[in-house]
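Coordinate inspection notes
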2 protein chains.
Amino acid sequence: MSLQRPNILRMRGYSFGEQPSSKLVTKLNTNENPYPPSPQVAEALASIDTSILNRYPNPMANAFRETAACLHNLHVDNIIPTNGGDELLRLIVTTYVDPTETVATTAPAYSLYPVLAATQNCNFIEVPLTTSWNLPENLGTLLNKNKVKAFFLINPHAPTGQLFSSEQIERVASEFDGLLVIDEAYVDFVDPMQQHNCVPLIDRHENLIILRTMSKGYSLAGLRFGYGLACADLIAPLANKTRDSYNTDSIAQILATAALKSKAYSEGTWQKIRQSRQRLALGLQNLGISCSSSEANFLLCTVDHPIQINAQTLYEKLKKENIFVRYFEEPLLQNKIRITVGSDDENKRLLSLMRTLIDP
Amino acid sequence: MSLQRPNILRMRGYSFGEQPSSKLVTKLNTNENPYPPSPQVAEALASIDTSILNRYPNPMANAFRETAACLHNLHVDNIIPTNGGDELLRLIVTTYVDPTETVATTAPAYSLYPVLAATQNCNFIEVPLTTSWNLPENLGTLLNKNKVKAFFLINPHAPTGQLFSSEQIERVASEFDGLLVIDEAYVDFVDPMQQHNCVPLIDRHENLIILRTMSKGYSLAGLRFGYGLACADLIAPLANKTRDSYNTDSIAQILATAALKSKAYSEGTWQKIRQSRQRLALGLQNLGISCSSSEANFLLCTVDHPIQINAQTLYEKLKKENIFVRYFEEPLLQNKIRITVGSDDENKRLLSLMRTLIDP
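So, here's what we can say about the structure.

1. Overview of the overall build of chain A
- Across its full length, chain A holds 13 helices and 12 strands.
- On C-alpha atoms alone, chain A measures out to a radius of gyration of 21 Å, which is about the 21 Å that the 2.2 N^0.38 rule sets for 360 residues.
- Taken over the C-alpha atoms alone, chain A extends approximately 60 × 55 × 55 Å along its principal axes.
- The buried share among the 360 residues of chain A stands at 64%.
- Pairs at least 24 apart in sequence give 74% of the contacts found in chain A among residues at least 6 apart.
- Between the mean site of the 33 positive side-chain charges and the mean site of the 36 negative ones, chain A shows a separation of 4 Å.

2. Brief notes about the relation of the copies chain B and chain A
- Take chain B, turn it by 180°, move it 0.0 Å along the axis, and it overlays chain A with an RMSD of 0.0 Å. This pairing of chains is accounted for by a two-fold axis. Closest approach to the rotation axis within chain B is made by the C-alpha atom of A46(B), at a distance of 3.4 Å.
- When the interface residues of chain B are mapped onto chain A, 100% of them again fall at the interface, so both copies present the same face.

3. Some thoughts on the packing of aromatic side chains
- Using the criterion set out here, one finds 22 aromatic pairs over all chains in the structure.
- Consider the rings of Y14(A) and Y110(A), whose centres lie 5.7 Å apart with planes at 85°: the pair is edge-to-face. With Y14(A) in the loop between α1 (6–10) and β1 (26–27) and Y110(A) in the loop between β3 (102–107) and α5 (112–120), this pair connects stretches of sequence that are 96 residues apart.
- Through pairs of rings, three or more aromatic residues link up here, namely Y14(A), F16(A), Y110(A), Y113(A), F152(A), Y56(B) and Y246(B).

4. Some points on the nonpolar core
- In this structure, I337(A), M354(A), I337(B) and M354(B) are the most contacted members of the largest nonpolar core, which totals 242 residues.
- Setting aside residues up to four positions removed in sequence, M354(A) forms contacts with L284(A), L287(A), I289(A), L314(A), L318(A), I337(A) and I339(A).

5. Notes on the pairing of strand β5 (residues 148–154) of chain B
Residue and element names in this part refer to chain B.
- Along β5, 7 of the 7 residues are buried, which leaves the element largely enclosed by surrounding structure.
- Where strand β3 (residues 102–107) and β5 come together, 4 bridges link them in parallel fashion. In the strand pairing of β5, T102 is matched with V148.
- The pairing of β5 with strand β6 (residues 179–183) spans 5 bridges and is classified as parallel. Following the sheet pairing, F152 is matched in β6 by V181.
- In this view, the connection linking β5 to its parallel neighbour β6 by way of helix α7 (residues 166–175) has right-handed handedness.

6. A short note on the side chain of E87(A)
- Relative to the helices and strands, E87(A) is located in helix α4 (residues 85–96).
- In this structure, E87(A) is in contact with T82(A), R243(A), D244(A), N247(A) and D244(B), ignoring residues within four places of it in sequence.

7. A closer look at the sheet that holds strand β7 (residues 208–213) of chain B
Residue and element names in this part refer to chain B.
- An order of β2-β8-β7-β6-β5-β3-β4 is seen for the 7 strands of this open sheet, with the pairing classed as mixed. At either end of the open sheet lies a strand with only one pairing partner, and these are β2 (79–82) and β4 (123–128). Within this sheet the neighbouring strands show an average axis-to-axis angle of 20°, counted without direction.
- Summarising the sheet, β2 and strand β8 (residues 226–230) pair through 4 bridges and their orientation is antiparallel. Bridge assignment links P81 to a residue of β8, and that residue is Y227.

8. Let's talk about the environment of Q162(B)
Residues and elements named next belong to chain B.
- With respect to the helices, strands and loops of the structure, Q162 is situated in the loop between β5 and α7.
- As for Q162 and S132, which are separated by 30 residues in sequence, their C-alpha atoms are 9.3 Å apart.
- If we ignore the near neighbours within four places in the chain, the residues touching Q162 are S132, W133, N134, N155, P156, H157 and S293.

9. Re the packing of helix α3 (residues 62–72) of chain B against helix α10 (residues 250–261) of chain B
Residue and element names in this part refer to chain B.
- Relative orientation of the contacting elements α3 and α10 amounts to 20°, with a least axis distance of 9 Å. Judged by the inter-axis angle, α3 sits roughly parallel to α10. Handedness of the crossing formed by α3 with α10: left-handed. Contact with α3, carried on its side by A63, F64, T67, A68 and L71, involves A256, T257, L260 and K261 of α10 and no other residues of that element.
- Classifying every residue of the contact of α3 with α10 gives 6 nonpolar, 2 polar and 1 charged.

10. Some thoughts on the pattern of salt bridges
- Using the criterion set out here, one finds 30 salt bridges over all chains in the structure.
- Across the pair R171(B) and E137(B) runs a salt bridge whose closest N-O atoms are separated by 3.2 Å. Residue R171(B) is found in helix α7, and its partner E137(B) is found in the loop between β4 and α6 (139–145); the two are separated by 34 residues along the sequence.
- Classification of R171(B) by relative accessible area gives partly exposed; the value is 39%.
- By sharing partners, the salt bridges in this structure join K27(A), E32(A), E346(A) and R55(B) into a single network.

11. Here we look at α10(B)
- Over its 12 residues, α10(B) extends 17 Å from the first C-alpha to the last, a length consistent with the 16 Å expected when each residue adds 1.5 Å.
- Judged by how many residues are buried, α10(B) sits mostly within the fold: 10 of 12 residues are covered.
- Taken residue by residue, α10(B) has S250(B), I251(B), A252(B), Q253(B), L255(B), A256(B), T257(B), A258(B), A259(B) and L260(B) as its buried positions.
- Here the buried face of α10(B) lies against α2 (39–46) and α10 (250–261) of chain A together with α2 (39–46), α3, β8 and α11 (263–286) of chain B.
- Structurally, the start of α10(B) carries an N-cap: the backbone nitrogen of I251(B) is 2.9 Å from a side-chain oxygen of D249(B).

12. Let's talk about the pairing of β4(B)
Residues and elements named next belong to chain B.
- Here β3 pairs with β4 via 6 bridges, running parallel. Its bridge partner being in β4, A107 is matched across the sheet by P128.
- One crossover worth recording links β3 to the parallel β4 by way of helix α5 (residues 112–120), and it is right-handed.

13. Overview of α2(B)
- For α2(B), every residue scored as buried is listed here: V41(B), A44(B) and L45(B). Viewed along the axis of α2(B), the buried residues span an arc of 100°, placing them on a single side of the element. Among the exposed residues of α2(B), those oriented more than 90 degrees off its buried face are E43(B) and A46(B).
- Looking at the buried positions of α2(B), the neighbouring elements they touch are α2 and α10 of chain A together with α10 of chain B.

Reading the values: rules and limits
- Residues numbered from 1 in each chain as written.
- Chains lettered and ligands numbered in written order.
- Predicted model: local features only at pLDDT ≥ 70, side-chain atom pairs only at ≥ 80, totals over all residues.
- Heavy atoms only, no water.
- Helix = DSSP H or I, 4+ residues; strand = E, 2+ residues; numbered from the N terminus.
- Rg over C-alpha atoms; globule rule 2.2 N^0.38 Å.
- Buried < 20%, exposed > 50% of the residue type's maximum accessible area, 1.4 Å probe, protein only.
- Contact = heavy atoms within 4.5 Å.
- Lys, Arg positive; Asp, Glu negative; His and termini not counted.
- Charge placed at Lys NZ, Arg CZ, Asp CG, Glu CD.
- Least-squares fit on C-alpha atoms with pLDDT ≥ 70 in both.
- Phe/Tyr/Trp six-rings, centres within 6.5 Å; stacked < 30°, edge-to-face > 60°.
- Core = buried A, V, L, I, M, F, W, Y, C linked by side-chain atoms within 4.5 Å.
- Pairing = 2+ DSSP bridges.
- Right-handed = clockwise from strand over helix to strand, strands pointing away.
- Axes fitted to C-alpha atoms, helices over the stretch in contact; angles between N-to-C directions.
- Parallel < 35°, antiparallel > 145°, perpendicular 65-115°, else oblique.
- Left-handed = near helix turned anticlockwise from the far one by under 90°.
- Nonpolar A, V, L, I, M, F, W, Y, C, P; charged D, E, K, R; others polar.
- Salt bridge = Lys/Arg side-chain N within 4 Å of Asp/Glu carboxyl O.
- Expected span 1.5 Å × (residues − 1).
- Polar contact = N/O pair within 3.5 Å; in protein donor to acceptor, adjacent residues only side chain to side chain.
- Arc of directions from axis to C-beta.

None of the figures reported here should be taken as evidence of function without further support.
Below you can see the structure in the form of structure tokens.
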């Protein structure tokens, strides 16, 4: 007989994107930044003396916290550094959602959310987006009616790339009685012309927590570093009660801090990625593949009439040729693939292979 | 009204040892190894090109897993790498202990265990050690009678330093119906003359999981790297369901692997620490302070008659002079301080200051 809890025995784990180690693979499947982290990160790494490692790290990554506080014009008490953004999502469920309560997100959404709900053995519901991937008008009311305790909203949305405005977010925060989690994993790729900024909302809404990650915008997926932004009362129990005492390591703290301090370099990569995104969308359109408009570093593509090949087959054929994109086995996305915006070279390789696969 | 779960609202977080950043502090309070990690760790760090960091790490730290499997003569499926040993402890509770069930440990023990139980909102009981810090004779039966689901036993024991034999461990594993977690955070410091080795027990006991950490023995507290050893069926749900998908980062994986591969260097530090432990115990004894015999890298010292100063005051006075040791505010340990074995220089500094404080 298994010793596992019944809910754990029943559940399936998160199914993450493939991480092939081969250098031959063009990797457009897990939304990584195609460019290396900033030169200041390399300098910071070179300056680390391993003789510091026998000591525990600073428990709250205070140097990082101070740098992030300064960047976002907040107090350190508004910030919790975490071992990747995923740790923050888990901590939020652990701290704020009882097994008797309900977690909700949109359909579609980041497929980790239902896994976190299953682990906590709490209820989980999905609120469908509109046909144009928008939020339902009465979202806050709807969530209250369903007694939702925490709502996870990824913005820009994944896998659609859709950006919800800060006004929309604020309306949900005002109406909703539970905790609103805005997962801003991809926010760095939003066009600055949009002047999108939800951070000031945390001052006005005590039920709002924003997730940021160094994985995408700062080219540090390998480092596992994210952080949460919220009013001090929401941050405190995450920081002082449910977090593993030393959740981020000394080296990651130093490199993540260096990356934030050299944000201008990363902004340059965001600009390049936005330009490549536009070219890639155009290239796909020329092949007869439409993409929803995206403010993230990926495109959700519809593989449908008149294309003769279906999305899953296209994904598999690309994979056979060492180009990895993402296919999701779920009804809402069955005619779609998600393509991470790579470097222009990578995108060209993809387009050229797709042309031969679609129109052989 | 707080959004926190009622159990989180009620609980207190883990109270970790102070981590002063000042170089002036002699730090004998959190059981770190006084020596730096192996030169191969420094070489591995120097060889890292930060341009790998834009990609996600290997999800299961496979290179580390293979090295650890080889070291322990096990299969990779018997090993789960974690973000410090603390992550493994948390994952065990998340995966194996339902809120309706009971976690138990000894009294005294590592004070994180009750925090993990409170977070999971499960029951928690303590089994007192005997007056000579030994395990009660009928431990397995006692745990079954109390319907304990998971028993955490730190071995060598903290904060006493007591080593329970593999025969004692095996007897508990045989008798106990729940999950037996042997926290071997300090096992590297056990005298090799003891020929102590519990790892082979995992082949015979499907309810046994062993924790190892790189923090103490391998001088890598700052890196956050630990791992679990158990039969594949116990490891699988931790690895595939409840673990954050990318729980260890690329750099930590590389350095931890290098540290395991250069184990001989660390063994040298363990030998030095054992010798220093003996000298420190003798020095304390000469001051009228008795220590229980320890197979770990710390000594639990009794500050009692004829010493005129009490344990807490001694801790505070040492701290004022920049020597940090550990004092626990709990009844069983009120006349005790725990001293990490430092380098001989650090230990001498401590003894010399204690002499002036005790006998002014």
